[in-house]
Amino acid sequence: IDQLFLGFLFLQAVPEIQKRFWMKPMQHLCLVGGILLLCFPFFSIGLMAWYTPSYLEILPKPYLQTLCWFANARPHVADYYDILGVSPDADMKTIKKVFREQAIDLHPDKVGDDP
């Protein structure tokens, strides 16, 4: 979910929440505090990624993975070993050999028309 969309959603929800909790300040305070507490991890990670990206390495990896899962913000990183069909612990000679074989097999002059 895009951050801008969440911001608009929050802005639309606030008047409705205020209508329901009008003249109930303690419940209203608890609700707003809960919403802020729920949003704080995402907000803090966003600020950290923007201003001090090197500090992201300090955070535990499961914490970041959980936040990415909740925010549906998992990056798509291609696994080039899987694309080539070799294991990640393969030596450079094997990787070069497989790469050259695939380059020859998939070369546009040899394959012909691109579907």
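Each value, and the rule that gives it
- Residues numbered from 1 in each chain as written.
- Predicted model: local features only at pLDDT ≥ 70, side-chain atom pairs only at ≥ 80, totals over all residues.
- Heavy atoms only, no water.
- Helix = DSSP H or I, 4+ residues; strand = E, 2+ residues; numbered from the N terminus.
- Buried < 20%, exposed > 50% of the residue type's maximum accessible area, 1.4 Å probe, protein only.
- Contact = heavy atoms within 4.5 Å.
- Areas by Shrake-Rupley, 256 points an atom, 1.4 Å probe, with all protein chains shown as cover.
- Patch = residues over 30% accessible without salt bridge, like charges linked within 9 Å, V, L, I, M, F, W, Y side chains within 5 Å.
- Salt bridge = Lys/Arg side-chain N within 4 Å of Asp/Glu carboxyl O.
- Axes fitted to C-alpha atoms, helices over the stretch in contact; angles between N-to-C directions.
- Parallel < 35°, antiparallel > 145°, perpendicular 65-115°, else oblique.
- Nonpolar A, V, L, I, M, F, W, Y, C, P; charged D, E, K, R; others polar.

Our focus in this paragraph is the overall build of the protein chain. Looking only at helices and strands, one finds six helices and zero strands in the protein chain. Its helices and strands in sequence order give the protein chain the pattern α-α-α-α-α-α, from N to C terminus. The proportion of buried residues among the 115 residues of the protein chain is 7%. If you take every contact in the protein chain between residues at least 6 apart in sequence, the share linking residues at least 24 apart comes to 18%. Accessible surface for the protein chain amounts to roughly 10500 Å². Of this, 67% is attributable to carbon and sulfur atoms.

Let's shift gears to a nonpolar patch on the surface. Residues Phe40, Phe43, Leu47, Trp50 and Tyr51 make up a contiguous nonpolar surface patch of roughly 680 Å² in combined accessible area. By secondary structure assignment, the location of Phe40 is in helix H2 (residues 25-51). Residue class for Phe40 comes out exposed when judged on its relative accessible area of 52%.

What follows deals with the packing of H2 against helix H3 (residues 61-71). Closest axis-to-axis distance for the H2/H3 pair is 11 Å, and the angle between their directions is 110°. One way to sum up the angle between H2 and H3 is to call them roughly perpendicular. Contact residues: H2 offers Pro41, Phe42 and Ile45, while H3 offers Tyr63, Leu64, Leu67, Phe70 and Ala71. Looking at the contact of H2 with H3, its residues break down into eight nonpolar, no polar and no charged.

Keep in mind these numbers describe shape, not what the thing actually does.
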